[in-house]
Every structure is written in structure tokens, then in C-alpha cells.
Amino acid sequence: MATFNCGERVRILDSDKGSEKIYRIKDMKKCRSGGTLYLLKSLEQNPILRLYHEDNRSLLERIC
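Residues numbered from 1 in each chain as written. Predicted model: local features only at pLDDT ≥ 70, side-chain atom pairs only at ≥ 80, totals over all residues. Heavy atoms only, no water.

Draft legend 1. View of the overall build of the chain. A tally of helices and strands in the chain yields zero helices and five strands. Secondary structure elements of the chain occur, N-terminal to C-terminal, as β-β-β-β-β. Across the 64 residues of the chain, 22% fall into the buried class. The contacts of the chain with a sequence gap of at least 6 include a subset with a gap of at least 24, amounting to 32%. Accessible area for the chain stands at about 4,800 Å²; split by element, carbon and sulfur atoms hold 48% of it. (Helix = DSSP H or I, 4+ residues; strand = E, 2+ residues; numbered from the N terminus. Buried < 20%, exposed > 50% of the residue type's maximum accessible area, 1.4 Å probe, protein only. Contact = heavy atoms within 4.5 Å. Areas by Shrake-Rupley, 256 points an atom, 1.4 Å probe, with all protein chains shown as cover.)

Draft legend 2. Here's a closer look at the pattern of salt bridges. Tallying each qualifying case throughout the model produces three salt bridges. Between Glu61 and Arg11 there is a salt bridge; the shortest N-O distance is 3.2 Å. Residue Glu61 is found in strand S5 (residues 60-62), and its partner Arg11 is found in strand S1 (residues 9-12); the two are separated by 50 residues along the sequence. Classification of Glu61 by relative accessible area gives partly exposed; the value is 31%. (Salt bridge = Lys/Arg side-chain N within 4 Å of Asp/Glu carboxyl O.)

Draft legend 3. Spatial organisation of the side chain of Thr36. Positionally, Thr36 belongs in strand S3 (residues 36-42). Owing to a relative accessible area of 4%, Thr36 belongs among the buried residues under this scheme. With near-sequence residues (within four places) excluded, Thr36 lies in contact with Met28, Lys29, Lys30, Cys31, Tyr52, His53 and Glu54.

Draft legend 4. Just the confidence of the model for the chain, in detail. Of the residues in the chain, 89% reach a pLDDT of 70 or more, and the chain-wide mean stands at 86. Here S5 stands out as the least confident element of the chain, with mean pLDDT 89; strand S2 (residues 23-30) is the most confident, with 95. (pLDDT = per-residue confidence, 0-100.)

Draft legend 5. Inspection of the side chain of Glu54 at higher detail. Examined against the element boundaries, Glu54 turns out to sit in strand S4 (residues 49-54). Separated by 3.1 Å, the side chains of Glu54 and Tyr38 make a polar contact. (Polar contact = N/O pair within 3.5 Å; in protein donor to acceptor, adjacent residues only side chain to side chain.)

Following this line, the structure appears as C-alpha cells:
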């Protein structure tokens with residue numbers, strides 16, 4: 001499982017469709033059940049906030 005830091009830019013990969021949205025990690029917390037819960041903010045004109053749970057099948061990709 002990859003580890004990310006606050007402020008990093010990431011993309012959510014989906015096998016069904018290619019994701020073009022890029023998010024910045026605003027906050028993160030460890031879950032008792034395992035994994036990490038991320039608060040993501042999109043980098044668009046009208047940004048949205050999204051909660052994303054990362055576990056051993058995570059599909060987050062770091063953008064350099």
C-alpha cells in the first residue's frame with residue numbers, strides 16, 4: 001500500500017474508465033479497520049471535496 005502525504009497531487013484510477021480529475025490531498029486519517037481515509041480536493045474551476053478510503057486494493061496514483 002502506497003503512502004501519501006498532505007498536499008500531494010493524486011489521481012483515482014478506475015479500470016472501467018480513465019479518470020482525468022486530479023486531486024490534492026487536504027487531510028488524512030488512519031482507520032481502525034485498516035487503511036487510510038483521505039479528504040481530496042479537486043483542482044478545477046469549481047473544486048469539490050471527496051472522501052476516499054485506501055486499503056490494500058487502492059487505486060490512487062501519485063502525480064509528479
